[in-house]
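Given next are the chains, with one letter for each unit.
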Amino acid sequence: MTTTTAAPFGRLMTAMITPMTHDGAVDYDGAATLAAYLVTDMRNEGLVVNGTTGEAPTTTDEEKKRLIEVVREAVGPDVSIVAGVGTNITAHTIELARQAESAGADGLLVVTPYYNKPAQDALAAHFTAVADSTGLPMLIYDIPGRSAVAVSTDTLVKVAAHPRIVGVKDAKGDLAATSQVLSRTDLAYYSGDDAVNLPLWSVGALGAISVTGHVVGDRIHEMLDAFTAGRTAVATKLHLSMLPVNVGLFRNQAAVLTKAALEMLGLPGGGVRGPLLAASAEERHKLREDLIAGGVKLQENVGDGAAR
C-alpha cells in the first residue's frame with residue numbers, strides 16, 4: 001500500500017466507476033482493466049471502490065466484495081484500496097466494513113448517513129461504531145449536498161481523537177470550516193470536489209479523491225507535484241486547463257458521464273443501473289466538446305451515440 005506520513009492512502013485516488021455491461025451486470029474484467037489503467041496511465045496512488053461514483057447504492061453486498069477482490073488482484077499490494085462502506089444504517093455499514101477488511105481493502109470511506117438526518121451526537125456515535133468494528137483506518141465523507149447533513153467542526157474534532165479515524169473526504173464546499181478542522185486536528189484532508197482541488201490544498205488538504213481522475217489523473221498528479229514544490233503558477237495553469245472537464249463530467253450524475261467519457265477513450269464503462277439512465281446522444285455530444293476543450297485526447301467516433 002502506497003502511503004506517506006501525511007497521506008494515509010497516497011495523495012491521489014480516483015473514486016472508480018463500476019464498469020457494467022449495457023444490461024446492467026457488473027463487468028469484473030472491465031473493472032480490472034480500468035483499475036490497472038488508473039494506476040499506470042492516470043498515476044493514481046490509490047483507488048476508492050464502491051463509492052457513490054461506483055454506484056454503490058445499487059450494487060449488492062456480494063458484488064461489492066468481489067469488486068474489492070478483483071481490483072486488489074489487478075493493482076497488486078502496493079496500491080491503496082479504500083472501500084466505500086457507508087449506508088444510512090449503522091449495522092449494515094459495520095457489516096460492509098468487516099466484509100471490506102476481509103476482502104483486502106486498506107481503508108474505509110464512510111459517508112454521512114443520508115436521508116435520516118441524524119443529529120451531531122448521533123453522527124459521532126455512528127462514525128465511532130464503524131471505526132471500532134475493524135482494524136482499518138477510516139475516512140469520513142462529508143458531503144451535505146447528498147446526505148442533507150454536514151458534519152460540524154466540533155463533531156470532526158471530537159471523532160478525530162479515534163485512532164482509526166484518520167481523515168476526511170471533503171465535499172462540503174466550506175473552506176472556512178475546513179480550515180478550522182485542519183487547525184484543530186491532525187486529520188488528513190482529501191478534496192472531494194475536483195473543481196476546488198487546488199483551493200483546498202492551499203488551506204492544508206493534502207490530496208484528492210477524484211472523479212475527473214478517470215480521464216485527467218495524470219494532470220491532477222502533475223498539479224499536485226507543482227503545488228507541493230511551490231510552483232504555484234504552474235499549478236494554477238493546470239487547474240484552469242481542467243475546468244471544462246470538471247464541468248463536463250458533472251452535468252449529470254458523475255457515474256453517468258464518466259462512463260460515457262471512458263467509452264470515448266476506448267475504456268470499460270458500460271451501462272448504469274436505475275434510477276440512473278445512461279447518457280443521451282445530446283449529453284454525449286456536449287461531453288465530447290467539454291473533454292476536448294479540457295485537453296483530453298479522445299478516440300475518433302467512439303462513444304458518441306446514446307447507450308443501448
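What you see is a predicted model, and the numbers here were worked out from it, not measured in a lab.

Reading the values: rules and limits
- Residues numbered from 1 in each chain as written.
- Predicted model: local features only at pLDDT ≥ 70, side-chain atom pairs only at ≥ 80, totals over all residues.
- Heavy atoms only, no water.
- 1 Å grid on protein atoms, 1.4 Å probe; cavity = no way out; pocket = protein on both sides within 12 Å on 5 of 7 lines; lining within 4 Å.
- Points joined across faces, edges and corners; volume = space filled by probe spheres on them.
- Helix = DSSP H or I, 4+ residues; strand = E, 2+ residues; numbered from the N terminus.
- Nonpolar A, V, L, I, M, F, W, Y, C, P; charged D, E, K, R; others polar.
- UniProt positions renumbered as here; feature names shortened; annotations may be inferred.
- Buried < 20%, exposed > 50% of the residue type's maximum accessible area, 1.4 Å probe, protein only.
- Contact = heavy atoms within 4.5 Å.

Quick notes on the layout of surface pockets
Now for step 1: Counted as a void, the largest pocket has a volume near 380 Å³.
Now for step 2: The set of elements that each furnish at least two residues to the lining of the largest pocket consists of α2 (61-75), α3 (90-103), β4 (107-111) and α5 (144-147).
Now for step 3: Looking at the lining of the largest pocket, its residues break down into eight nonpolar, nine polar and three charged.
Now for step 4: In this model, the second largest pocket occupies a volume close to 290 Å³.
Now for step 5: Lining the second largest pocket we find 20 residues, and of these Y141, I143, R146, G192 and F250 sit closest to its centre.

Here's the deal with the UniProt feature "active site" (unreviewed entry) in the chain
Now for step 1: In this structure's numbering, the residues bearing the UniProt feature "active site" (unreviewed entry) are Y141 and K169. Taken together, the annotated residues stretch across 29 residues yet fold into one region, lying no more than 4.7 Å apart by C-alpha. Residues from the named set that contribute to the lining of the largest pocket are Y141.
Now for step 2: By the secondary structure assignment, Y141 is in strand β5 (residues 138-142).
Now for step 3: When its relative accessible area of 8% is taken as the criterion, Y141 is described as buried.
Now for step 4: When near neighbours in sequence (up to four residues on either side) are disregarded, Y141 contacts T52, L109, V110, V111, T112, K169 and A171.
Now for step 5: Residue placement: K169 occurs in strand β6 (residues 165-170).

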